[in-house]
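Fold and geometry: a report
In case you want the letters, here they are:
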Amino acid sequence: MLVLGIESSCDDCSVAVVEDGKKILSNIIATQIDMHKPFNGVVPEIASRTHTEWIYPVVEESLSKAGIVKEDLDGIAVTNRPGLVGSLLVGLSFAKGLSWSLGIPFIAVDHIRAHLYAPHLEYHIEYPYVGLLVSGGHTIISKVSGFDDIDVMGTTIDDACGEAFDKVAKYYNFGYPGGVIIDKMAEKGNPKAFQFPKPNLHKGDHTYDVSYSGLKTAVINQLDQFHNKEFEKTPENIAASFQKTAIDILIKRLKKAMNDTGIKRVVCGGGVTANTYFRKAVKAIHEIEAYYPSLELCTDNGAMIAAIGYHYLKNEIFSDLHTNAMARVSSFRRKYP
Ligand code: KG4
Ligand code: ZN
């Protein structure tokens, strides 16, 4: 079964062709980084306008790289949530039009679910596992017992982890995209230069939750207060100290989730899981089985959309033409306290 996957939730215009939910025949990712760089962040209006210009050629390129024509497709999967509505609408409308004109079904998917599913494209992964989803807008720790059986254990109570990377980078003019740049700068910095505070959420009901607004405020507004005077106050030292604190917060909750559930398998997905220190920190956890997507599949991409869409399409679960784009709704649900 050949599925076209379309992802336009933010600033990447990505289209892939995936066979039987597993074999990537093409995965074109057209990035708008250069367009948003002058603004140090994504400008939604520029993003959606650029998607409207790029979507058709990116679809054509994806089909041609896969060595197929559109008539060979069996179905289309497309992100309809969560993301920037103007950007989502471009991919969604294109998918609706193409599926209608070809007389094939389409399925609208939650791209946050797809991020967590991405490692399944590259590995055979048994259930259950602890799922760790860390992106620009979401931070979710979950217990995953089956393809459609996901219980949220913890989320961020304020900012997402990736958002904190982006906002710190924007404030200090480190450049765009923030997460990638902090990751690079941190290599040359000393993580001991600043001792930033970690949130203390153990006493509440939600013991797996995380928080990033306190860390963000400390890095942006209270830098001197947390400076270890033995080290210089350089951008690299800020980046390294912030990155270590941000990731250590996650690792602590991940370890707790694994200990409490007794599940020694973790599957990671989302842009922040591309982070070098994150990967090292997960690797350093003893006696666990850890899976992450390759770097190309960490951030937004059409392949993960096609892969997850395949499972719905093969079970004849389709979307209809009334399906709309949604900014924040996600299909993750909370069961754990
Ligand atoms: O999953 P994603 O592509 O988009 C969604 O938010 O859905 O994630 C983008 C986020 C951004 O916040 C970006 O700064 C962060 O992932 N990111 C990174 C790295 N690469 C991307 N954060 C830290 N280190 C990285 N290497
Ligand atoms: Zn994403």
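Predicted model, so just to flag it, every value in this text is computed and none were measured. (Residues numbered from 1 in each chain as written. Chains lettered and ligands numbered in written order. Predicted model: local features only at pLDDT ≥ 70, side-chain atom pairs only at ≥ 80, totals over all residues. Heavy atoms only, no water.)

1. Topic: the coordination of the zinc ion (ligand 2)
Six octahedral donors around a metal ideally make angles of 90 or 180 degrees; four tetrahedral donors ideally make 109.5 degrees. Coordination of the zinc ion (ligand 2) by the protein is provided by His111 (NE2), His115 (NE2) and Asp300 (OD), with metal-donor distances spanning 2.0 to 2.2 Å. Positions of the donor residues of the zinc ion (ligand 2), expressed as sequence spacing, correspond to H-x3-H-x184-D. Placement of both His111 and His115 in helix H4 (residues 111–117) is noted, with a separation of four residues, approximately one turn of the helix. A relative accessible area of 7% means that His111 is categorised as buried. Of the residues examined, His115 reaches a relative accessible area of 2% and is grouped as buried. (Donors = N, O, S within 2.8 Å, 3.2 Å for Na, K, Ca; no water. Helix = DSSP H or I, 4+ residues; strand = E, 2+ residues; numbered from the N terminus. Buried < 20%, exposed > 50% of the residue type's maximum accessible area, 1.4 Å probe, protein only.)

2. Considering the site of ligand 1
Looking at ligand 1, there are 18 residues lining it, with His115, Gly136, Asp166, Asp183 and Gly271 nearest. In this structure, His111 approaches ligand 1 through a side-chain N or O atom, which is 3.0 Å from an oxygen atom. At 2.9 Å, a side-chain N or O of Asp183 approaches a nitrogen atom of ligand 1. Here ligand 1, which alone exposes 550 Å², has 87% of that area covered by the protein. (Near = heavy atom within 4 Å. Polar contact = N/O pair within 3.5 Å; in protein donor to acceptor, adjacent residues only side chain to side chain. Areas by Shrake-Rupley, 256 points an atom, 1.4 Å probe, with all protein chains shown as cover.)

3. Description of the pairing of strand E8 (residues 149–155)
For a regular strand, side chains alternate in direction, first toward one face of the sheet and then toward the other. Within E8, five of the seven residues are buried, leaving the element largely enclosed by the surrounding structure. The turn linking strand E7 (residues 139–146) back onto E8 is made up of two residues. (Pairing = 2+ DSSP bridges.)

4. A closer look at the environment of Ile247
Considering the arrangement of structural elements, one finds Ile247 in helix H8 (residues 235–261). For the pair Ile247 and Glu296, spaced 49 residues apart in sequence, the C-alpha to C-alpha distance is 20 Å.

5. Points about the nonpolar core
Core analysis: the largest hydrophobic core is formed by 44 residues, its most contacted members being Leu132, Phe196, Tyr212, Phe242 and Phe278. If you list the elements that add at least two residues to this core, you get strand E6 (129–134), helix H5 (161–171), helix H6 (178–186), helix H7 (213–221), H8, strand E9 (265–269) and helix H9 (276–283). A per-element tally of this core places H8 first, with eleven residues. Contact partners of Phe278, with chain neighbours within four places excluded, come to Leu132, Ile247, Leu250, Ile251, Cys268, Val272, Thr273 and Tyr292. (Core = buried A, V, L, I, M, F, W, Y, C linked by side-chain atoms within 4.5 Å. Contact = heavy atoms within 4.5 Å.)

6. Some thoughts on the pattern of salt bridges
Tallying each qualifying case throughout the model produces nine salt bridges. Measuring nitrogen to oxygen at the nearest pair gives 3.6 Å for the salt bridge that ties Lys70 to Glu71. According to the relative accessible area criterion, Glu71 is exposed, its value standing at 54%. Its salt-bridge partner being Asp148, residue Arg113 comes within 3.0 Å of it at the nearest N-O pair. Of this pair, Arg113 sits in helix H4 while Asp148 sits in the loop between E7 and E8, and the two are 35 residues apart along the sequence. For Arg113, a relative accessible area of 8% translates into the label buried. (Salt bridge = Lys/Arg side-chain N within 4 Å of Asp/Glu carboxyl O.)

7. Some points on H5
When H5 is considered as a whole, its buried residues turn out to be Cys161, Gly162, Ala164, Phe165, Val168 and Ala169. Within H5, the buried residues cover an arc of 160° as seen down the axis, which keeps them to one side. At its buried positions, H5 is contacted by E6, E7, H6, H7 and H8. One or two residues past the end of H5 sits Asn173, with phi positive at roughly 55°. (Arc of directions from axis to C-beta.)

8. Topic: unusual backbone geometry
The amide bond that connects Tyr127 to the next residue, Pro128, takes the cis arrangement and shows omega of -5°. You can see Pro128 is positioned in the loop between H4 and E6. Residue Tyr176 is joined to Pro177 through a cis peptide bond whose omega torsion reads 0°. Summarising the element assignment, Pro177 is placed in the loop between H5 and H6. One non-glycine residue, Asn40, adopts positive backbone phi at about 60°. Of the residues examined, Asn40 reaches a relative accessible area of 18% and is grouped as buried.

9. Overview of the domain arrangement of the protein chain
As far as domains go, the protein chain holds domain 1 (2–116 + 298–314) and domain 2 (125–292). Facing 18 residues of domain 1, the contacting portion of domain 2 comprises 24 residues. Summing the contributions of domain 1 and of domain 2, the shared interface buries around 1600 Å²; its carbon and sulfur component is 67%. It is Asn40, Leu116 and Cys298 that lose the most area in domain 1 upon contact with domain 2, and together they represent 45% of the buried surface on that side. Taken together, domain 1 and domain 2 are joined by one salt bridge. (Domains from an automatic or database assignment. Buried area = accessible area lost by both parts, 1.4 Å probe.)

10. Things to note about the environment of Phe147
As for its position among the elements, Phe147 is in the loop between E7 and E8. Classification of Phe147 by relative accessible area gives partly exposed; the value is 21%. Separated by 120 residues in sequence, Phe147 and Asn27 have C-alpha atoms that sit 23 Å apart.

11. Here we look at empty space enclosed by the protein
For the coordinates displayed, the defined rule picks out one cavity of 30 Å³ or more. What the largest cavity holds in volume is close to 40 Å³. In terms of lining, the largest cavity is formed by Arg113, Leu116, Tyr117, Tyr127, Tyr129, Val144, Gly146, Phe147 and Ile150. With three residues, the single largest contributor to the lining of the largest cavity is H4. For the lining of the largest cavity, the class distribution of residues is seven nonpolar, one polar and one charged. (1 Å grid on protein atoms, 1.4 Å probe; cavity = no way out; pocket = protein on both sides within 12 Å on 5 of 7 lines; lining within 4 Å. Points joined across faces, edges and corners; volume = space filled by probe spheres on them. Nonpolar A, V, L, I, M, F, W, Y, C, P; charged D, E, K, R; others polar.)

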